[in-house]
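Structural overview
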Amino acid sequence: MLVLKFGGTSAGSPEGIKKIIDILNDTEHRENVPVVVVSAFSGVTDTLITLGRTAAGGQAYSQQLETLSKGFADYAQKFLKAAERKTALKSIQNEISELSRLLDGISLLRELSIRSLDLIKSFGERLSAAMLAQILTTNGIKAAFLDSRTLIKTDSAFGMAGILQKETGDNIRAFLRGPKKPLQVVSGHTGSTIEDYTTRLGRDGSTLTAAVFAAALGAKKLEIWGDVDGILTADPAHVKNALCIDEISYIEAMEISHFGARVIFPPSVKPALEKGIPIFIRNTFNPSGGGTKITANAAPGRFPIRGISSISCAALVRIQGSGMVGVAGFSARVFSTLAKKGISVMLITQSSSEYSICFAILPEDAAAADTALKEEFAQEIRAGSIEKPIIEKDLSIIAVVGSAMKSTSGISGKFFHALGRNGINIVAIAQGSSETNISAVISASDEGKALNAIHDAFFFAAQRSVNLFLIGTGNIGGTLLDQIAENREKLANRDMIKVNLIGAAAWDKMLFSLDGLDPKKTKEMLNKTGKVPGTEEYKLAAFIEKMASFNLPNSCFCDCTASEEIAASYEKILSQSIPIVTPNKKANSGSMDYYRRLTSYSKERGIPYLYETTVGAGLPVISTIRDLFLSGDRIVRIEAVPSGTLSFIFNNFDGTKPFSALVREAKAKGYTEPDPRDDLNAMDAARKALILAREIGLSLEFANVKIEPILPPACLKAKDIDAFFKELEKSDGDFEKRRAHEAAKGNALRYVVVIEDGKAKLSLRGEPAGSPFRSLVDSDNIIVITTERYSKLPLVIKGPGAGAAVTAGGVFADIVRTARVLV
């Protein structure tokens, strides 16, 4: 024996009606269902409430009443045959006429009592159930309408009446006893008093109606059909990859429903719970889906928790003071005071010192709670033994639920780590002694971010994600987008790391999508000239504001520019708990104070700030130095050729070509900036030298780096690039003279950074044949590190130090690194 309940969205459309017919005709349900409980068709209850209020306000309501009547007549027209349709239309008209007379009375009195509103709302279920019974009969399922008021007896608490269990159970069993009756289509949500006044059962009253019938009949199971596949691991409005829970215990279902899950309301399933009847949550529009089974002893799941839920709006009330410590009955006074005012408490937590206690309530109850508590503790407040109540609003409560938590270690750690890693501050924490749930109060603005972060941590622990925001789609940024497009599917399948491009910007335009952007299309759109549909004007402040407003977990900001303005914004971005990946040297080669603030904030808060590619492109220079430093080794000296441009020029300066010709060749190959002086003035190499010096613990400013000029002053002062090359050609003789001088001694010229004895300098020097700097080819970089451990044979890092592909690859690696649990 099965009892089914169909919600308003299930029966509120022709498609839904057809699905209900199919469900009742399938082998699982045919001949096994004596009772179907129906909610009012979708939108009908709201219409009835509006009619009541309109009538009470003395306004015309005939048009609305006609629209309501026509809605049901349309169902009759679509599903019923001529003779049956005529009967149905007459029945509808009778009900509408009764409703009209009721509304006329309300209009005359200009008053809408709760009792009258209960009667008005009951027409929704009565009309809907009667219509469904007629449609089922027409489609070969013998059915009859059953007005629930004749069997379900309640107290007189209109609006939220309580069921008289014994009388109702006896009525149901007596009615269905004896010869088999047609399928009874019952109007949900509605009952009546002993005096036969119509009542409403309150929230989720139709499910409660079905549970009462199931309990009275000793049903094998109760099926609740709606428009969702079951109870999900999280609210899909917040968490797009929420999963359907196969099986859940009554206790877990009540916990997860208390914290906001809208599939069931705990009191509505109580009658079935008490009889041990399993409840199934199923989707009318996906009947082949298994749904969720709610049972007393649920089978263990694949995950340590069943689900995550939240209450979006909460206020936290805190009472504190020395007058609370050791005082018996203090908490009883607090909660008795709230109970007298009808204020429900959602969460309680108290410090072990008894100095403070706090509890969560609905925001609309905060003012009443404040007034009541001030009155109750007026004497203690005047004496100064306790403080006035402190109320915080704009909060949410999130909870992880699962009975397996009590036997699984590390749940709390994973819960709080997921929040902390994403910069979500916790205002209060509570855990029941049953260890079925852990709850935390957080800012309401962080609710969606918290739910996604926790959901990923528990249900997609093997899969990590990065929500990427990129500024700069030029040489390096554009190549990065190509690499993401080519590798992200492989990365997701092989390494379980998903890179989602959420926002991107070029110098004049930007675009965003919470659903994710296509990297290649994004590059094309941003690199087009002029206005492009789907983009908006780029402004740095607007980009950062929008990135922060999305408040996504596992966000990452990537700066692929050389902009000082963007570098100056890093501190603000880190303060919003968003990791940064960048090849931009401006931040780390700016003031020492700013460098320290960025790196310290990253370390203290655990927010990744990764800049491997600021030195050596894709070479592991920064990470190697950091590992040496962290492991206790002392770096004695660093020698390096950190500029790919200067490396190419001097590697090939062997006397076969003039110096100016090599500079032209480097420019043609794309190794230099558009103006080669931006490389030959050695500023870029000096910034890299300063970053290296700071990474080994030296407190240097840019002015402390000694730079030997490569170019004569006339070259630097030239008015344009053509003039620069003319001046450079005049200096070819001087460069050749110096090269030849070193060559005579068996040396070759290299422009080398040296960091030693607390100093950093850059100079052009001759390197002997055995020098590691003579092994460089093309635009290779080299970093030679001498430490106490690597004293006889220095540690050498060598490889391509320029080029978009290797630099973008290093940036990509840093982006992926932010997805790791430990950075």
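Everything in this summary refers to the structure shown in the same document. In this text the structure is predicted, and so the values were computed from the model without any measurement.

Right, let's get into the overall build of the protein. In terms of helices and strands, the protein carries 30 helices and 29 strands. Taken over the C-alpha trace, the protein has a radius of gyration of 37 Å; the compact-globule value for 823 residues is 28 Å, which it surpasses by more than 25%. Based on the C-alpha atoms only, the size of the protein along its principal axes is roughly 120 × 75 × 55 Å. A burial count over the protein gives 51% of its 823 residues as buried. Pairs at least 24 residues apart make up 71% of the contacts formed inside the protein by residues separated by at least 6 positions. Within the structure as shown, the protein displays about 36,300 Å² of accessible surface, and the carbon and sulfur contribution to it stands at 51%. In the protein, 98 positive and 91 negative side-chain charges are present, and the distance between their average locations comes to 2 Å.

Turning to empty space enclosed by the protein, a few remarks are in order. Across all of its chains, the model carries one cavity of 30 Å³ or more by this definition. When its volume is computed, the largest cavity comes out at roughly 100 Å³. Arg421, Asn422, Asn554, Ser555 and Pro579 are, among the 17 residues lining the largest cavity, the residues nearest its centre. Of the residues assigned to the lining of the largest cavity, the class counts are eight nonpolar, seven polar and two charged.

A few words on the pattern of salt bridges. Applying the stated criterion across every chain yields a total of 44 salt bridges. In this structure, Asp196 and Lys153 form a salt bridge, with 2.9 Å as the shortest nitrogen-oxygen distance. In this pair, Asp196 is assigned in the loop between strand S5 (190-192) and strand S6 (198-200) and Lys153 in the loop between strand S3 (143-146) and helix H7 (165-176), connecting sequence segments 43 residues apart. Take Asp196: its relative accessible area is 56%, and that puts it in the exposed class. The class of Lys153 is buried, set by a relative accessible area of 11%. With its nearest N and O atoms 2.9 Å apart, the salt bridge here joins Arg677 to Asp675. Like Asp675, Arg677 is buried.

Spatially, the seven strands line up as an open sheet ordered S20-S19-S18-S17-S21-S22-S23, and their pairing is mixed. Strands with a single pairing partner mark the edges of an open sheet, and in this sheet they are strand S20 (536-537) and strand S23 (609-610). Across five bridges, the pairing between strand S17 (residues 464-471) and strand S21 (residues 555-559) is parallel. Paired with Leu468 across the bridge in S21 is Cys556. Helix-sheet contacts for helix H16 (residues 475-495) involve S17, strand S18 (497-505) and S21, and the interaxial angle to S18 is about 155°.

A word on helix H26 (residues 683-695). With 13 residues, H26 extends 18 Å between its outermost C-alpha atoms, agreeing within 8% with the 18 Å of an ideal straight helix rising 1.5 Å per residue. Of the positions making up H26, those classed as buried are Asp684, Ala685, Ala686, Lys688, Ala689, Leu690, Ile691, Leu692, Ala693, Arg694 and Glu695. Each element contacted by the buried residues of H26 is listed here: helix H21 (592-605), helix H22 (621-630), strand S24 (635-641), strand S25 (706-707), strand S26 (748-756) and strand S27 (759-767). Backbone geometry just after H26 places Gly697 at a positive phi near 100°.

This part is about the sheet that holds strand S14 (residues 390-401). The strand order S12-S13-S11-S14-S16-S15 describes an open sheet built from six strands, whose pairing is antiparallel. Here the strands that pair on one side only, and so sit at the sheet edges, are strand S12 (347-350) and strand S15 (426-431). Shown here is a sheet whose adjacent strand axes are inclined to one another by a mean of 30°, direction ignored. Pairing between S14 and strand S16 (residues 437-443): seven bridges, direction antiparallel. Residue pairing for S16: Ala399 is matched across the bridge by Ser439.

For the pair helix H2 (residues 14-25) and helix H6 (residues 114-138), interaxial distance at closest approach is 11 Å and the crossing angle is 60°. Here H2 lies oblique to H6, going by the angle between them. For the element pair H2 and H6, the recorded crossing hand is right-handed. Only Leu132, Ile135 and Leu136 of H6 make contact with H2, whose side of the interface consists of Ile17, Ile20, Ile21 and Leu24. Partitioned by chemical class, the residues of the contact of H2 with H6 number seven nonpolar, no polar and no charged.

Viewed as axis vectors pointing N to C, H7 and helix H8 (residues 205-217) meet at an angle of 70°, and their least axial separation amounts to 9 Å. As summarised for this structure, H7 and H8 are arranged roughly perpendicular, according to the angle between their axes. At the point where H7 passes H8, the crossing takes the right-handed sense. Contacts between H7 and H8 involve Thr168, Gly169, Ile172, Arg173 and Leu176 from the first element and Val212, Phe213, Ala216 and Leu217 from the second. In terms of residue class, the contact of H7 with H8 is built from six nonpolar, two polar and one charged.

So, on to helix H5 (residues 82-109). Across its 28 residues, H5 extends 41 Å between first and last C-alpha, which sits within 8% of the 40 Å expected from 1.5 Å per residue. On its buried face, H5 is in contact with helix H3 (44-56), helix H4 (62-79) and H6.

For the rest of this paragraph, the subject is the state of the cysteines. For the structure on display, the rule yields zero disulfides. In this model Cys358 remains outside any disulfide bridge; the closest cysteine sulfur is found in Cys313, 18 Å from its own. Cys560 forms no disulfide, and the closest cysteine sulfur to it belongs to Cys558, at a distance of 3.7 Å. Its relative accessible area of 12% is what places Cys560 among the buried residues.

Topologically, Leu716 is positioned in helix H27 (residues 713-717). Relative accessible area serves as the criterion here: at 42%, Leu716 is assigned to the partly exposed category. With 121 residues separating them along the chain, Leu716 and Tyr595 place their C-alpha atoms 29 Å apart.

Next up on the list: the pairing of S21. A large share of S21 lies buried, amounting to five of its five residues. Neither face of S21 is left uncovered, since the one carrying Ser555, Phe557 and Asp559 and the one carrying Cys556 and Cys558 both have all their residues buried. In the sheet, S21 pairs with strand S22 (residues 580-581) via two bridges, with the strands oriented parallel. Its bridge partner being in S22, Phe557 is matched across the sheet by Ile580.

Moving on: unusual backbone geometry. If you check the backbone angles, Asn551 has positive phi at about 50° while not being a glycine. Among the structural elements, Asn551 can be located in the loop between helix H18 (540-550) and S21. With a phi close to 55°, Asn554 is a non-glycine residue in the positive phi region. With respect to the helices and strands, the residue Asn554 is situated in the loop between H18 and S21.

Before going further, it helps to examine the environment of Glu28. Within the element layout of this structure, Glu28 appears in the loop between H2 and strand S2 (35-38). Sequence separation between Glu28 and Phe158 is 130 residues, and the spatial gap between their C-alpha atoms is 38 Å. Excluding anything up to four places from it in sequence, Glu28 contacts Leu2, Lys221, Glu223 and Arg282. Only 3.2 Å separates the side chain of Glu28 from the side chain of Lys221, close enough to count as a polar contact. Side-chain polar atoms of Glu28 contact the side chain of Arg282, separated by 3.1 Å.

With eleven of its 14 residues buried, strand S11 (residues 307-320) lies for the most part within the structure. Judged from the nine bridges that link them, S11 and S14 form a sheet pairing that is antiparallel. Looking across to S14, one finds that Arg318 is bridged to Ile390. By the bridge criterion, six bridges tie S11 to strand S13 (residues 356-361) in an arrangement that is antiparallel. Pairing of Ile319 across the sheet is with Ile357, part of S13.

Reading guide: rules and limits
- Residues numbered from 1 in each chain as written.
- Predicted model: local features only at pLDDT ≥ 70, side-chain atom pairs only at ≥ 80, totals over all residues.
- Heavy atoms only, no water.
- Helix = DSSP H or I, 4+ residues; strand = E, 2+ residues; numbered from the N terminus.
- Rg over C-alpha atoms; globule rule 2.2 N^0.38 Å.
- Buried < 20%, exposed > 50% of the residue type's maximum accessible area, 1.4 Å probe, protein only.
- Contact = heavy atoms within 4.5 Å.
- Areas by Shrake-Rupley, 256 points an atom, 1.4 Å probe, with all protein chains shown as cover.
- Lys, Arg positive; Asp, Glu negative; His and termini not counted.
- Charge placed at Lys NZ, Arg CZ, Asp CG, Glu CD.
- 1 Å grid on protein atoms, 1.4 Å probe; cavity = no way out; pocket = protein on both sides within 12 Å on 5 of 7 lines; lining within 4 Å.
- Points joined across faces, edges and corners; volume = space filled by probe spheres on them.
- Nonpolar A, V, L, I, M, F, W, Y, C, P; charged D, E, K, R; others polar.
- Salt bridge = Lys/Arg side-chain N within 4 Å of Asp/Glu carboxyl O.
- Pairing = 2+ DSSP bridges.
- Axes fitted to C-alpha atoms, helices over the stretch in contact; angles between N-to-C directions.
- Expected span 1.5 Å × (residues − 1).
- Parallel < 35°, antiparallel > 145°, perpendicular 65-115°, else oblique.
- Left-handed = near helix turned anticlockwise from the far one by under 90°.
- Disulfide = S-S within 2.5 Å.
- Polar contact = N/O pair within 3.5 Å; in protein donor to acceptor, adjacent residues only side chain to side chain.

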